[in-house]
Amino acid sequence: MTTRGGTDLGERLARARDQAGLTQEDVAALLRQPRPVISNWEQGVRQPNEHQLSQLAAIYRRPLEDLLGLAEHPRPEFEQLVYRDAGDRLDGPAKYQIQRFLGFLDDYGEFLKALGEPTGLSEPPLTLRDGRPSKDDIRRKVDEARSYFRLGKGSVGDLSALADLFGITVYLAPLGASLDGTISGASLIHEEVGFSILINGQTTPGRRQFTLAHELGHALFHRTPVEVSFPGRRESEERFADLFAAEFLVPTSSLQDAVEGMGLSRVGDPETVVHLQRFFNVSYEMILRRLRASNLLSDIDYKRFKEVRPVHLAERLGYTIDLDEWRQDPDRWGLARFPRRFLRLLRRASSEGIMTVSGAATMTGLAAEDIEELLRDAPVASNEEETHDEFGSAF
Amino acid sequence: MTSSAPPSEPILCNTTPTRYFAITDQIDLLIAVCGDTLRVPRSVLDPDEDPDGPADLLSEIGASMRFYAKRAVGAEAIERWFRLNDLRTRSNISVIEMTEQEMERFAELQSREIQRQFGLGARLGRGESAVIAIAEARGWVAAIDDWEAREVLHHVSPGTTMITSREIVRAAVYIGMIDTGEGDTLYQEMLDLGYRGPSNLWS
């Protein structure tokens, strides 16, 4: 297939793949095709069919028009910033998920414009002076942040919902379960959506909560357009965000109050650690570290309690265990990966006749059934009824 | 409502009619109304795709199957999955391959420019774009329910005939394949499953 400018489709496919940072092996794995198939397409030996071209357009985040040489849209630089910041931690499937996230933000931005909805948070609302913050500095900044979010001293609860209320977009993606070889999250400021956070949904709930708090630290205090998070980063902004997240999720004074409230001066059993973990809605490991850092747990007990299997213990203590704690199957997430505000607006837009089931399915990459579930009990827009007879009929 | 006879032109079905008639176990009815062959674009149904691939890269019917496999609850989910899976091997379902010109039209219809031109909440889906591109080029009938897609098709190709899943049920009654009561029951079942259309089959 050749179109305008004499440039072969195969060359355009190869260039788009390269710009997306993917190898032929990556694309072959995503499409469940042998690598020579991708090579043959790029060399013009064979041509992809309509569905395969749509798949490539999605993977490369290029409009199909661009792949066919009918148009040329500029490519935003966010993904290059993300890839550069992530180093070599992103494999092919993770890079594809980044593309999906960025593509969703573009669609979400258009959707917000179509609804006349404002952009989310775009500028950090709080300030931070340069230099290495002390523990007291961190505590003060956390106090400012909690005040900004109108939180008291206790558990932050559903942090994703909180972020949503303050105009921060949170999106889940399957970026790989092993943090040795992937990232835990990223954030960027999208021109039409505002501050947007990507969370690796294949990490544990505790890690996700920490990553979100970490990224909120960036949202509140930093102006960097793109941030990528993974364990071991030592840059000053990353260190601040880590310290911020720990204190924000489990304020030192709140932890002390909680332990005293249980009639203890120190924690001496893993059951209490599990209770505190559940109260603050963080990971078991994090509570252990916070207790030790606050001198509420001895080093010996810290080492001992690290050997405990916290989910099993929690279940024996009567806590309801979310299957999500055991495995993270992205196919089960459905609409849960999307920002809450987006889902609210989808329902509203559907009732007002601004968005169809198919449009929403296209934007989310989900099945129409997922959207129909979301819209169950939502009124059918009048134009959905009228056009059944408006445009003429074959019968 | 006009004539009781189905059109002579082939009918090209988008995902919604294909899906609803399949999950209500009435796919043979749809095929009969369509003239004994169900024609769909590959974006709607791709019998050659690996059904275990990334969900958002599947055909639209493939995505529905993933929903029933992973997210739907209840015994009906399994049944519906099998009914959709059955589509992949039927000999009376014809997957239509696009010409180069239809492919270009397919690409244009999914553009941001079309979205903005028509004030759509989102870009047109792959299934709708494929049905519009092929039906427009070949003078076929487009079986589309999505009202945004119908509006776009009406403006870009006023001469192309459209039908909805609801009209297909009505046609089945007119032709005598099912009686009025069966038609009402089928349509109500579609509504109960989430079909977005008028609350009544006839008014």
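Not measured: the values here are computed from a predicted model.

Visitor: It is not clear to me how the packing of aromatic side chains should be interpreted in this structure. Could you clarify?
Guide: We describe a pair of aromatic rings using the distance from one ring centre to the other and the angle between the two ring planes. Tallied over the full model, the rule gives 23 aromatic pairs over all chains. A centroid spacing of 4.9 Å and a plane angle of 85° characterise the contact between F104 of chain A and F342 of chain A, whose relative ring orientation is edge-to-face. With a gap of 238 residues between them, F104 of chain A in helix α7 (residues 92–115) and F342 of chain A in helix α17 (residues 340–351) connect regions that are remote in the sequence. Taking the relative accessible area as the measure of exposure, F342 of chain A reaches 0% and is therefore buried. Three or more aromatic residues link up through ring pairs in this structure, and these residues are F101, F104, Y108, F111, Y171, F338 and F342 of chain A. Its end group placed over the ring of W140 of chain B, R39 of chain B keeps NZ or CZ at 5.8 Å from the ring centre.

Visitor: Explain the interface of chain B and chain A to me, please; I cannot follow it from the model alone.
Guide: It is common to report an interface's size as the accessible area lost on association of the parts. Every contact between the two is made by 79 residues of chain B and, on the other side, 67 residues of chain A. Both sides of the chain B and chain A interface together cover about 5700 Å² of buried area, and 52% of this is carbon and sulfur. On inspection of chain B and its partner chain A, the count reaches ten salt bridges. Residues D370 of chain A and R71 of chain B are paired through a salt bridge, measuring 2.7 Å at the closest nitrogen-oxygen approach.

Visitor: Looking at this model, I keep getting lost on the sheet that holds strand β1 (residues 169–173) of chain A. Mind explaining?
Guide: All names here are of chain A. Pairing in this open sheet of four strands is mixed, and the strands run β1-β3-β2-β4 from one edge to the other. A strand with exactly one partner marks an edge of an open sheet, and here the two such strands are β1 and β4 (226–229). Strand-to-strand, the axes of this sheet are offset by a mean angle of 20°, without reference to chain direction. Relative to β4, strand β2 (residues 185–190) runs antiparallel, the two sharing four bridges.

Visitor: Honestly, the environment of A172 of chain B in this entry has me stumped. Any pointers?
Guide: Residue and element names in this part refer to chain B. Within the secondary structure layout, A172 lies in helix α9 (residues 165–175). Residue class for A172 comes out buried when judged on its relative accessible area of 0%. Taking the C-alpha atoms as reference, A172 lies 9.8 Å from E182; in sequence the two are ten residues apart.

Cut-offs and rules
- Residues numbered from 1 in each chain as written.
- Chains lettered and ligands numbered in written order.
- Predicted model: local features only at pLDDT ≥ 70, side-chain atom pairs only at ≥ 80, totals over all residues.
- Heavy atoms only, no water.
- Phe/Tyr/Trp six-rings, centres within 6.5 Å; stacked < 30°, edge-to-face > 60°.
- Helix = DSSP H or I, 4+ residues; strand = E, 2+ residues; numbered from the N terminus.
- Buried < 20%, exposed > 50% of the residue type's maximum accessible area, 1.4 Å probe, protein only.
- Lys NZ or Arg CZ within 6 Å of the ring centre and 35° of its normal.
- Contact = heavy atoms within 4.5 Å.
- Buried area = accessible area lost by both parts, 1.4 Å probe.
- Salt bridge = Lys/Arg side-chain N within 4 Å of Asp/Glu carboxyl O.
- Pairing = 2+ DSSP bridges.
- Axes fitted to C-alpha atoms, helices over the stretch in contact; angles between N-to-C directions.

This is a description of form; function is not addressed.
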